[in-house]
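# Structure assessment
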Amino acid sequence: YIPVLLLVASLGLYVSGAVNEIVYFESTDTVGTCKRSYNLVTLGNALINEVSMTTDNAAVGQTWILYLSYVVLNLAFPILVLVLQFVFLVGWFFGRHHRSLERKEKMK
């Protein structure tokens, strides 16, 4: 049951990290206060927006590499790990179940 608990814990940590606020910015000027909050998903989208890609950005290619690195390392790899854990558990369960059926047939 430990692999199942590890999968549940990993999934819970990933989901809680994806929905919780990880970065919070507040700026105040004479007109008012601007508050921005980002979670794991929206932070990647904030890296690439129409302002950073059109307003005198001399490093557009590097900005895209930063965004793609963020998506791969923070979104794709954790999801891939969770899928691989699930596939391992399914294979482990059916392998164990199949072995127990073979033992029962041998006893007959």
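Reading the values: rules and limits
Residues numbered from 1 in each chain as written. Predicted model: local features only at pLDDT ≥ 70, side-chain atom pairs only at ≥ 80, totals over all residues. Heavy atoms only, no water. Helix = DSSP H or I, 4+ residues; strand = E, 2+ residues; numbered from the N terminus. Buried < 20%, exposed > 50% of the residue type's maximum accessible area, 1.4 Å probe, protein only. Contact = heavy atoms within 4.5 Å. Areas by Shrake-Rupley, 256 points an atom, 1.4 Å probe, with all protein chains shown as cover. Arc of directions from axis to C-beta. Core = buried A, V, L, I, M, F, W, Y, C linked by side-chain atoms within 4.5 Å. Pairing = 2+ DSSP bridges. pLDDT = per-residue confidence, 0-100. Patch = residues over 30% accessible without salt bridge, like charges linked within 9 Å, V, L, I, M, F, W, Y side chains within 5 Å. Salt bridge = Lys/Arg side-chain N within 4 Å of Asp/Glu carboxyl O.

### Considering the overall build of the chain
Helix and strand content of the chain: 4 helices and 2 strands. Its helices and strands taken in sequence order, the chain reads α-β-β-α-α-α from the N to the C terminus. Buried residues in the chain amount to 15% of all 108 residues. A separation of at least 24 residues holds for 36% of the contacts in the chain among residues at least 6 apart in sequence. When the accessible surface of the chain is split by element, carbon and sulfur atoms take 68% of a total near 8700 Å².

### Digging into the environment of V4
Among the structural elements, V4 can be located in helix α1 (residues 2–19). In sequence terms V4 and Q85 are 81 residues apart; their C-alpha atoms lie 8.8 Å from each other.

### Considering the environment of T63
With respect to the helices and strands, T63 occurs in helix α4 (residues 60–107). Here T63 falls in the buried class, since its relative accessible area comes to 16%. Expressed as a C-alpha distance, the spacing of T63 and I48, which sit 15 residues apart in the sequence, is 7.3 Å.

### A closer look at helix α2 (residues 40–47)
Along an α-helix, residues three or four positions apart point the same way, because every turn accommodates 3.6 residues. Every buried residue belonging to α2 is among L40, L43 and G44, and all of these are buried. One face of α2 carries all of its buried residues, which in axial projection span an arc of 100°.

### So, the nonpolar core
Membership of the largest hydrophobic core is limited to 10 residues, which are L7, Y14, A18, Y38, L40, L43, Y70, L75, L82 and L89. Among the elements of the structure, α1, α2 and α4 are those that each provide at least two residues to this core.

### Quick word on the pairing of strand β1 (residues 23–28)
Here β1 pairs with strand β2 (residues 33–38) via 6 bridges, running antiparallel. Considered in β2, the bridge of E26 is made with K35. Here β1 folds back onto β2 in antiparallel fashion, the turn holding 4 residues.

### Describing the environment of Y38
As for its position among the elements, Y38 is in strand β2. Take Y38: its relative accessible area is 16%, and that puts it in the buried class. Between the alpha carbons of Y38 and F25 there is a distance of 8.7 Å; along the sequence they are 13 residues apart. Setting aside chain neighbours within four positions, we find Y38 in contact with N20, E21, I22, V23, F25, L43 and A46.

### Concerning the confidence of the model for the chain
Of the residues in the chain, 83% reach a pLDDT of 70 or more, and the chain-wide mean stands at 77. Between the elements of the chain, mean pLDDT differs from a low of 63, seen in helix α3 (residues 50–54), to a high of 81, seen in α1.

### Quick notes on a nonpolar patch on the surface
Taken together, the side chains of I79, V83, F86, V87, V90, F93 and F94 define a hydrophobic patch exposed on the protein surface, amounting to about 670 Å² of accessible area. Of note, V90 is situated in helix α4. Overall, the relative accessible area of 33% leaves V90 in the partly exposed class.

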